[in-house]
Amino acid sequence: MTPKNTDSMEKTKLPDRTDRRAFLLAGLGIATTAVVVMPSSPGNFAARPVERSLKEADFYRPHDRAG
Amino acid sequence: MTTVVCELCPRYCAIPDGGAGDCRIRVNLKGRLIATTFGRPSSVHIDPMEKKPLYHFFPGTPIFSLATAGCNLHCLNCQNWQLSQRGGEEMEEIYHAPPEMIVATARAERCQSIAYTYSEPIVYYEYVHATAQLAREAGLNNCLISAGYINERPLRQLCRVMDAANIDVKGFTEDFYRRICSATLAPVLRGLVVMREEGVWVEVTLLIIPGENDDPLQVRGLARWIHDEMGADTPLHLSRFHPHYRMQNLPPTPVDTLLRCRQMALDAGLHFVYVGNVIGNGGESTYCPHDGTLLIERFGLVIKENHLLAGGRCPVCGNPLPGVWT
């Protein structure tokens, strides 16, 4: 059985439906190399975005100011 | 050159210009702290709720799950180290998925809940918060799957948009946290109390590592602490360790050890103690604490039978089972 939340080792890439099927079956404890029938991946996330995120974080302060 | 201090987690990293915090993904850019993985997950999946594990929260439903790189712990046994022990730029796969896209996709995939999980959602805090806020407005549930190593002020703010959490308590001694996780236990326990106070449904996981945290002092100690501080109805998941990352010298946890630990936790007064990562172990189903009726029968991550009545009540005695069911 796949340990808790450990599927990311194979699945740090966006899964297609084949991966999802493999996961679901693995969840049932059934080994599978299925290559089939699942519709598209969850979402249409574009890999490698061109723009760079510059979201400012919350909860920080300059070092010279007391916390 | 302005050094900044990140106040998100108990590390209080002092980060020089151009540097990153211990988590690798919070970067000082000319005196501004930047959350570099905002909208940039590296792992997106649909999981069963039971995988989180959350056993008393909408059982049997799919949960949209995402993670970015980074973590503020460095556990020697990390199961997701390729994701957690890297910065965003080191990942082979990074996706462009701003909060509104995550929520829209979760809805399109008919997921009623979103999990912030896999690595450590605390370190991509701003992404979690923004997504959770939108998800809540859209009527979705938010679940935090975390080690809970966060300061109180940001945690309280996060709790306002969280519905459930599974907090991975790594062990029950400061020595264990220091040696194995490069962290400390006290803030995690404080965080659990804060979540309870804020009304988040909380379940706790303890990964049992042979010879490291499977002694009665730690298992009983944690169970008693949960009983006293969180309540006897707080589910505790005892998970089986498998060799990973820098702890491949140890064997998987013997099932007997897990069952022994489960009995200790039950003896400490907890009503719901589950054994995870072992299929068909006898400790994965839910029973009514009042009359012992089998309420939810599980096999691995699959629910075989759910006998709960509307509102999560036991069909025999009618008492409500603690949790969130509808």
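Model, not experiment: these values are computed from the prediction. (Residues numbered from 1 in each chain as written. Chains lettered and ligands numbered in written order. Predicted model: local features only at pLDDT ≥ 70, side-chain atom pairs only at ≥ 80, totals over all residues.)

Enquirer: Help me understand the overall build of chain B in this model?
Expert: A tally of regular secondary structure across chain B gives eight helices and 16 strands. In terms of overall size, chain B behaves like a compact globule, its C-alpha atoms giving a radius of gyration of 19 Å where 326 residues would be expected to give roughly 20 Å. Seen through its C-alpha atoms, chain B measures out along the principal axes to roughly 65 × 45 × 35 Å. When each of the 326 residues of chain B is scored for burial, the buried share is 57%. Within chain B, contacts between residues separated by at least 24 positions form 66% of all contacts whose residues are at least 6 apart in sequence. (Helix = DSSP H or I, 4+ residues; strand = E, 2+ residues; numbered from the N terminus. Rg over C-alpha atoms; globule rule 2.2 N^0.38 Å. Buried ≥ 20, exposed ≤ 12 C-beta atoms within 10 Å, placed from the backbone. Contact = placed C-beta atoms within 7 Å.)

Enquirer: Help me understand the packing of helix H7 (residues 216-230) of chain B against helix H8 (residues 255-267) of chain B in this model?
Expert: When two helices pack together, their arrangement is captured by the angle between the axes and the distance separating the axes. All names here are of chain B. Contact geometry of H7 with H8 gives a least axis separation of 8 Å together with a crossing angle of 40°. Between H7 and H8, the angle falls in the class oblique. In terms of crossing hand, the pair formed by H7 and H8 is right-handed. Two secondary-structure elements touch here, H7 through Pro216, Val219, Arg220 and Ala223 and H8 through Cys261, Met264 and Ala265. (Axes fitted to C-alpha atoms, helices over the stretch in contact; angles between N-to-C directions. Parallel < 35°, antiparallel > 145°, perpendicular 65-115°, else oblique. Left-handed = near helix turned anticlockwise from the far one by under 90°.)

Enquirer: Sorry if this is basic, but what is going on with the sheet that holds strand S2 (residues 60-62) of chain A here?
Expert: Ordered by their spatial adjacency, three strands build an open sheet running S2(A)-S1(B)-S2(B), and the pairing between neighbours is antiparallel. Taken across any chain shown, the strands that pair with only one partner, and hence form the sheet edges, are S2 of chain A together with strand S2 (14-15) of chain B. As paired strands, S2(A) and strand S1 (residues 4-6) of chain B are joined by three bridges and run antiparallel to one another. Directly across from Pro62(A), in S1(B), lies its bridge partner Val4(B). (Pairing = 2+ DSSP bridges.)

Enquirer: Whenever I open this one, the nonpolar core confuses me. Can you help?
Expert: Within soluble globular proteins, side chains that are nonpolar generally end up buried alongside one another. Residue and element names in this part refer to chain B. Core analysis: the biggest nonpolar cluster contains 107 residues, and Ile114 and Leu236 have the highest contact counts within it. Once residues within four sequence positions are removed from consideration, isoleucine 114 is found in contact with Ile63, Phe64, Ile102, Ala106, Thr131, Ala135, Leu140, Asn142 and Cys143. Counting residues in each nonpolar core, the second largest holds six residues, with Cys288, Leu295, Ile296 and Cys314 among its members. (Core = buried A, V, L, I, M, F, W, Y, C linked by C-beta atoms within 7 Å.)

Enquirer: Is there a simple way to think about unusual backbone geometry in this case?
Expert: Peptide bonds are mostly trans, and most non-glycine residues show a negative phi. Residue and element names in this part refer to chain B. Backbone torsion omega between lysine 52 and proline 53 reads -5°, so that peptide bond is classified as cis. Mapped onto the secondary structure, proline 53 falls in the loop between strand S5 (43-48) and strand S6 (62-67). Located in the positive-phi region is arginine 24, a residue other than glycine, with phi close to 80°. Following the sequence through the fold, arginine 24 ends up in the loop between S2 and strand S3 (26-29).

Enquirer: Just checking my understanding: could you explain the packing of helix H2 (residues 99-108) of chain B against helix H3 (residues 125-137) of chain B for this structure?
Expert: All names here are of chain B. At their nearest, the axes of H2 and H3 sit 8 Å apart, and the two run at 45° to each other. Classified by the angle their axes make, H2 and H3 are oblique. As H2 runs across H3, the sense of the crossing is right-handed. Together, Pro99, Glu100, Ile102 and Val103 of H2 and Ala130, Thr131, Leu134 and Ala135 of H3 make up the contact between the two elements.

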